[in-house]
Amino acid sequence: MKLKRMEIRKRLSTTLILGLLALPLAPAWAAVTASKKLPAGAQFAIDGGTLRIQFWSDDIVRVTYATAAELPALKSLSVIASPAAVKLTRQQDDQAFTLAAPNLKVKIDKRTGAVSFLDAAGHLLLREAVEGRKIAPATQAGVIGNSCAQSFETASDEGIYGLGQHQKGTWNYSAGSGSSVRLAQANTDVGIPVITSSKGYMLLWDNPAVTTISSTAAGDANASHKIMRWSSEWGKAIDYYFCYGDGTIDTALTAYRQLTGNAPLMPKWMLGFWQCKERYASQDELLGVAKKLRELKVPVDGIIQDWQYWPPGTNTWGSHLFDPARYPDPAGMFKELHAMNYHTLISVWAKFDLGSDNSKELNAVGGMFPQVTSYAFPPGHGQWYDPFSVAGRQTYWKQMRDQLFSKGVDGWWLDAPEPEIGGMGFRKYITPMGPGYEVYNAYPLMHSTGIYQGQRAATDKKRVVILTRSAYAGQQRNSAITWSGDIQGTWQVLKNQIPAGLNISLSGIPYWNTDTGGFFGNRATGNGDPKNPQFQELFARWFQFSSFCPMFRVHSSSGLNPGREFYRFDEKTQGILRNYLDLRYRLLPYLYSVAWQVTSSGSTFMRPLVMDFPHDAQALNIGDQYLFGPAIMVTPITSAGTTTRSVYLPAGSAPWYNFWTGETSPAGQLVEAAAGVETLPLFVRPGSIIPLGPFLQYSSEKTADPIELRIYRGADGNFTLYEDEGDSYNYEKGKHATISISWNDAKRILEIGKRSGEFSGMLKDRTFNVVFVSPNHGAGIPTTEKWDVVVHYNGKLVEVKGP
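Rules and cut-offs
Residues numbered from 1 in each chain as written. Predicted model: local features only at pLDDT ≥ 70, side-chain atom pairs only at ≥ 80, totals over all residues. Heavy atoms only, no water. Helix = DSSP H or I, 4+ residues; strand = E, 2+ residues; numbered from the N terminus. Rg over C-alpha atoms; globule rule 2.2 N^0.38 Å. Buried < 20%, exposed > 50% of the residue type's maximum accessible area, 1.4 Å probe, protein only. Contact = heavy atoms within 4.5 Å. Areas by Shrake-Rupley, 256 points an atom, 1.4 Å probe, with all protein chains shown as cover. Lys, Arg positive; Asp, Glu negative; His and termini not counted. Charge placed at Lys NZ, Arg CZ, Asp CG, Glu CD. Core = buried A, V, L, I, M, F, W, Y, C linked by side-chain atoms within 4.5 Å. Phe/Tyr/Trp six-rings, centres within 6.5 Å; stacked < 30°, edge-to-face > 60°. Pairing = 2+ DSSP bridges. Axes fitted to C-alpha atoms, helices over the stretch in contact; angles between N-to-C directions. Arc of directions from axis to C-beta. Parallel < 35°, antiparallel > 145°, perpendicular 65-115°, else oblique. Nonpolar A, V, L, I, M, F, W, Y, C, P; charged D, E, K, R; others polar. Salt bridge = Lys/Arg side-chain N within 4 Å of Asp/Glu carboxyl O. Expected span 1.5 Å × (residues − 1). Disulfide = S-S within 2.5 Å.

*Asks:* What's the story with the overall build of the protein in this structure? I'm lost.
*Replies:* Scanning the protein for helices and strands turns up 13 helices and 46 strands. Relative to the compact-globule value of 28 Å for 803 residues, the protein shows a C-alpha radius of gyration of 28 Å, a close match. With the principal axes as the frame, the protein shows a C-alpha extent of 95 × 70 × 50 Å. By the burial criterion, 62% of the 803 residues in the protein qualify as buried. Within the protein, contacts between residues at least 6 apart in sequence are counted, and of these 70% link residues at least 24 apart. Carbon and sulfur atoms make up 52% of the accessible area of the protein, which amounts to about 29,600 Å² in all. Of the charged side chains in the protein, 78 are positive and 71 negative; the average position of the first set lies 5 Å away from that of the second.

*Asks:* Looking at this model, I keep getting lost on unusual backbone geometry. Mind explaining?
*Replies:* The phi torsion of most residues other than glycine is negative, and most of the peptide bonds are trans. Across the junction of Glu278 and Arg279, the peptide omega takes the value 0°, indicating a cis bond. Relative to the helices and strands, Arg279 resides in the loop between strand 18 (273-275) and helix 3 (283-295). Here the amide bond leading from Glu418 into Pro419 is cis, since omega sits at 5°, within 30 degrees of zero. Positionally, Pro419 belongs in the loop between strand 23 (411-415) and strand 24 (430-431). The backbone phi angle of Ala141 is positive, close to 50°, even though this residue is not glycine. If you trace the backbone, Ala141 turns up in the loop between strand 9 (124-140) and strand 10 (143-155).

*Asks:* Please clarify how the nonpolar core should be interpreted in this entry.
*Replies:* In a soluble, globular protein the nonpolar side chains are often hidden away together inside. Counting residues in each nonpolar core, the largest one holds 179 residues, and the members touching the most others are Leu337, Trp412, Phe548, Phe605 and Phe768. With 8 residues, the top contributor of residues to this core is helix 12 (residues 588-601). Residues within four places of Phe548 in sequence aside, it is in contact with Leu583, Arg584, Leu587, Tyr626, Phe628, Ile632, Val634, Leu680 and Leu682.

*Asks:* Hey, could you run me through the packing of aromatic side chains in this one?
*Replies:* To describe a pair of aromatic rings, you give the distance between the ring centres and the angle between the ring planes. In the structure shown here, the tally under the stated rule is 55 aromatic pairs. Judged by centre distance (4.7 Å) and plane angle (75°), the rings of Phe519 and Phe520 are edge-to-face. Under the relative-accessibility criterion, Phe520 is labelled partly exposed at 31%. Arranged with centres 4.3 Å apart and planes meeting at 10°, the rings of Trp596 and Tyr722 form a pair that is stacked. Of this pair, Trp596 sits in helix 12 while Tyr722 sits in strand 40 (residues 717-723), and the two are 126 residues apart along the sequence.

*Asks:* Which parts of the structure should I look at to understand the sheet that holds strand 8 (residues 115-119)?
*Replies:* Whether parallel or antiparallel, the strands of a sheet pair through hydrogen bonds between backbone atoms. The strand order across the open sheet formed by 9 strands is 5-6-7-8-9-10-16-15-12, and the pairing between neighbours is antiparallel. Lying at the two open borders of the sheet, with one neighbouring strand each, are strand 5 (89-92) and strand 12 (179-183). Strand after strand, the sheet turns through a mean of 20° between neighbouring axes, direction not considered. Two strands pair when backbone bridges link them, and strand 15 (residues 211-217) and strand 16 (residues 225-232) are joined in this way by 7 bridges, in the antiparallel orientation. Counterpart to Ala217 in the pairing with strand 16 is Lys226.

*Asks:* Got a minute to help me understand helix 4 (residues 330-339) in this structure?
*Replies:* Along an α-helix, residues three or four positions apart point the same way, because every turn accommodates 3.6 residues. Residues of helix 4 that are buried include every one of Pro330, Met333, Phe334 and Leu337, and no others. One side of helix 4 carries all its buried residues, which in axial view fall inside an arc of 95°. In helix 4, the exposed residues that point more than 90 degrees away from the buried face are Lys335 and Ala339. At its buried positions, helix 4 is contacted by helix 3, strand 19 (302-305) and strand 20 (343-349). Looking at the residues trailing helix 4, positive phi occurs at Asn341, about 65°.

*Asks:* Please explain the packing of helix 9 (residues 491-505) against helix 10 (residues 533-546) as it appears in this structure.
*Replies:* Angle between the axes and distance between the axes: these two values describe a pair of packed helices. Where helix 9 contacts helix 10, the axes come no closer than 11 Å and their chain directions differ by 10°. Judged by the inter-axis angle, helix 9 sits roughly parallel to helix 10. Counting all contacts with helix 9, which are made through Trp491, Val493, Leu494, Gln497 and Ile498, the residues of helix 10 involved are Glu537, Leu538, Arg541, Trp542 and Phe545. Of the residues assigned to the contact of helix 9 with helix 10, the class counts are 7 nonpolar, 1 polar and 2 charged.

*Asks:* How should I be thinking about the sheet that holds strand 18 in this particular structure?
*Replies:* The 8 strands are arranged 28-27-26-23-20-19-18-29 in an open sheet whose pairing can be described as parallel. Looking at strand neighbours, the two that pair on one side only are strand 28 (512-513) and strand 29 (552-553), the edges of this open sheet. Together, strand 23 and strand 26 (466-468) form the strand contacts of helix 8 (residues 443-458), whose direction differs from that of strand 23 by roughly 165°.

*Asks:* Even after reading the chapter, I still don't get the pattern of salt bridges, so can you show me in this structure?
*Replies:* Side-chain pairing between opposite charges can occur once the charged atoms of the two side chains come close. Using the criterion set out here, one finds 28 salt bridges in the structure. Here Glu732 and Arg456 are joined by a salt bridge, their closest N and O atoms 2.9 Å apart. Residue Glu732 is found in the loop between strand 40 and strand 41 (736-744), and its partner Arg456 is found in helix 8; the two are separated by 276 residues along the sequence. Taking the relative accessible area as the measure of exposure, Glu732 reaches 45% and is therefore partly exposed. Salt bridges sharing partners connect three or more residues here, namely Asp415, Glu418, Glu420, Arg469 and Asp486.

*Asks:* Honestly, helix 6 (residues 390-403) in this entry has me stumped. Any pointers?
*Replies:* Given a rise of 1.5 Å per residue, 14 residues ought to cover 20 Å, and the 20 Å separating the end C-alpha atoms of helix 6 matches this to within 8%. Taken as a whole, helix 6 has its buried residues at Gly392, Arg393, Thr395, Tyr396, Trp397, Gln399 and Met400. In this structure, the buried residues of helix 6 make contact with strand 20, strand 21 (351-352), helix 5 (357-364), strand 23 and helix 8.

*Asks:* Sorry, what's going on with the state of the cysteines here?
*Replies:* By definition, a disulfide links the sulfur atoms of two cysteine residues through a covalent bond. One pass over the structure, following the stated rule, counts 0 disulfides. The cysteine Cys243 is free of any disulfide, with Cys148 supplying the nearest cysteine sulfur at 20 Å. On the accessibility criterion, Cys243 (1% relative accessible area) is buried. Between Cys549, a free cysteine, and Cys276, which holds the nearest cysteine sulfur, the sulfur-to-sulfur gap is 15 Å. We classify Cys549 as buried; its relative accessible area is 0%.

*Asks:* In this structure, what is going on with the environment of Gly261? I would like to understand it.
*Replies:* Here Gly261 shows up in the loop between helix 2 (249-260) and strand 18. Among the residues examined, Gly261 registers a relative accessible area of 5% and is labelled buried. Distance from Gly261 to Tyr173, taken between C-alpha atoms, is 26 Å for residues 88 residues apart in sequence. Ignoring sequence-local partners within four residues, the contact set of Gly261 consists of Ile80, Tyr256, Gln476 and Arg477.

*Asks:* When you look at the pairing of strand 5 in this model, what are you seeing that I'm missing?
*Replies:* Along any regular strand, the residues point their side chains to alternate faces of the sheet. Pairing analysis gives 4 bridges linking strand 5 to strand 6 (residues 96-100), with the strands arranged antiparallel. Each residue of the ladder has a partner; that of Gln91, found in strand 6, is Thr98. Connecting the antiparallel pair strand 5 and strand 6 is a turn made up of 3 residues.

*Asks:* What is the right way to read the side chain of Thr316 from this model?
*Replies:* Residue placement: Thr316 occurs in the loop between strand 19 and helix 4. The exposure class of Thr316 is buried, given its relative accessible area of 9%. Every residue in contact with Thr316, bar those within four places of it in the chain, is listed here: Trp310, Pro311 and Asp353.

Geometric descriptors of this kind do not, in isolation, establish any biological role.
Here is the structure:
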C-alpha cells in the first residue's frame, strides 16, 4: 500500500510539472512597465513580453507581440511594402498611450497592454479583448515551439467578411455565434487570413500556419460586442496589420494592396469567354471545338488544354511533353488557334513523376520535396516541387518557358496548388523559408510568384495570366485568378458560390470564377448532361451568373463527356447563352475600365453591397446580390422554376433602374423582379455611366467605336474610360489613355473630358452615342435605336445638355 501511495504521489508530481510546462509562456495580459519611442511608432515592455506598434503609412499599422525582451526576426511572405515616414501625434495620460496619424489612432492601455484602434474622431473601430493574447507551447512534427492566439472585440452590429473562399454558404461571419472557420488550403477551400469590416477597416493576420477564426458572444448577454479569436497552430509571435483610410472599404482595400502588392492589369482577352473541359484529348479535338465555335459565331476568346496531354506511362507527369500520337504538332496547334483569334491556357502541375528529366533537374538544385508514396491519381508515386526554394522556382519556370511558353502557350492553369498532398502531408516537409507547418497556407502564393516573376523577366510583350485553384494573402500581385475548385453541379452549390466569391473579393483577391455548371455531375441521373432539361435550366442560370464574374469560363469533369460546348445544348438554352455572351462582349469597355481601377486604385470587380452602402443595415447581411463594378447590381437565380425574384434596392440614393426595361424603382425597399429562365435580374445604380461597345466575336475583333454611352440620371456620377494596347506591359510605361466622363444631375450636364495620355493604335477620333436611359429607351442588350445625342469626339472636352 505504501508503494502504491508513493507511486501515486510520483505520478501526481509528474502531472503537475507537465501541466506547468503547458501554461502560456507569459501571462495572457499584463501591465506596461516601460515604453520606448520609435521613428513611426513605439515599443512597450509588458510583464514577460514585448509589444511594438509601428505605422507603415497614415493608413496602415503593424502590431507585433512576443514573449521575450526582444522581438524575433519575422519574414513576411505576404507583405512587400516597406514602412514609410509617418508624422505622428503622441500623447499619454494615466490610462493609455496614444499614437495618432491623420485618419487613425492607436491606444495602448497602460494597465493591460491591450491595443485599440480608433478613427480620427475617436470612435472605436476594433479593440483587443481582455485576456485575449496568448502564446503557448506547441509541438508540430516532433518540434517544440509556440502557437499564437489573439482575441478581438467586434461590435454586435458589425459585419465581418473575407477569410478567403469557403463552401458553406456563409456570408457575414459576425451574423451568428459559435461559428468558426479553419484556414487550411484544400480543394474548394481557400484560406486567406484577411478580414474586412463594415466599419471600413481590414486586418491581415500575418501568419501562414493553419489558423482557426472563431466568433462567439461576449460573456455578458447585454454586451455590445462579440469576441473574434484568431488562433494559429504555429508562430514565433503575434503579428498583424490594421488598414483604415477614410472609413470606406475602398480606402482600406487600397491600403491593403499597397501593403501586399497591386494587381497587375489583365489582358483584354482574359475578360472574354473561355471554353474548357476535362479534357480535350487530342490536337484534332481541341482545334475541332475551336473551329466549330467560330463557325457558329459564338463569341469566345479562350480555350484551355487540361491535363494528361503528356504521353501515357511512367515518367511523364510534369515532363511538359505532348503525346506525339495525339498532339503531333503542338506549336502548330497554338499557331492555328492564334490565327483563329484564340488564346490558350494549359494545365501545369507542381507534381512530377519520379525519373522524369524535369524532376531530376529540380532535385539537382534542391527544388523538390521528398517522394510521395501515395496519391489520388495514377501512377501513384511522385514528388512535388518546392516553390519556397529560389532555385526551385527558377528551374520550374525555366522548364515551362522552354517546353511550353516557347511553343505559343498564352497562360497557365495551375491545378492542385494547395498543394494536394494527401493528409496535409506538406506540413512534414522542410523548406528554405521554414517547415511546412509554419508556411503551410502560403504554398499557392509562392507557386504563382515563381511563374509571374519568370514570365515578367522573359518578356514585356505578353501579360501574365494564371488560373489557380488556391490563393493566399498577396497573391493578387501575381496576376492570378482563383477558381472555386472541383465543385458539384447542384443548385445549392451554385447558391454557395455567391458568398464564396464575395468573401474572397473582400480578402483582397479581385479576380475569381467558377466551373460554370459545376465540375462534377451524375451521369446516371443526367445531371451535367446538356440534353437533360433540368440541367439545361441549372446551366443557363449558372452561365448568367458567370457572365458577371471577373473570368467567364465553362468547365466539366471527364465523367460528363462529351462536354458543355455551346452547340450541345437545345435551341432555347443556346439562345439564352448567346444573349449573355453578347452582353459580356458589349460590356468590354466598361469591364476593361473596371480592370484599370483594380490595378490603379486597388478596387475590385465583385462589390458586395456593404462596400457601397455600409450604413444600410439590411445591406450588411445580403450575400446573394452584388455590384459588378460600380454600376450594375447582379442578383443571381439559384433555385429551379424561378419566375420572379425578390431584390433589395439599397437605400440612400435616387430610384434604381431596371437594366432590361429602363424603368425605375424607389431605393430602400424590396421589389419583385421578373426572372424567367431567360432573365437574370439586373439593376443599375442612379448616377451610373455605362459605356457599351459593339457586338463582337472576340475581344480584339474591332475597336470600341462607336460607344453607346448610357446615362442613368438621378444622382451625380462619373466614370473613367480606360484604353491601351490590350496586351503587353507598355501601360506601366505610361502608354495608355483615359477619358473622364461625368454627369451633373442638378445642372443636367454631361461632360466628356479631355483625353489624357496616348498609346500605339489609339483611336484619335471616335463617336459617343449618348442615351439618357428611360423606360424602354437605352434598355437591355440591343443597340438603342434612337440616340439622344451623337458626340464626335477628338480628345477635347465636350459638354452635352441632358433632358
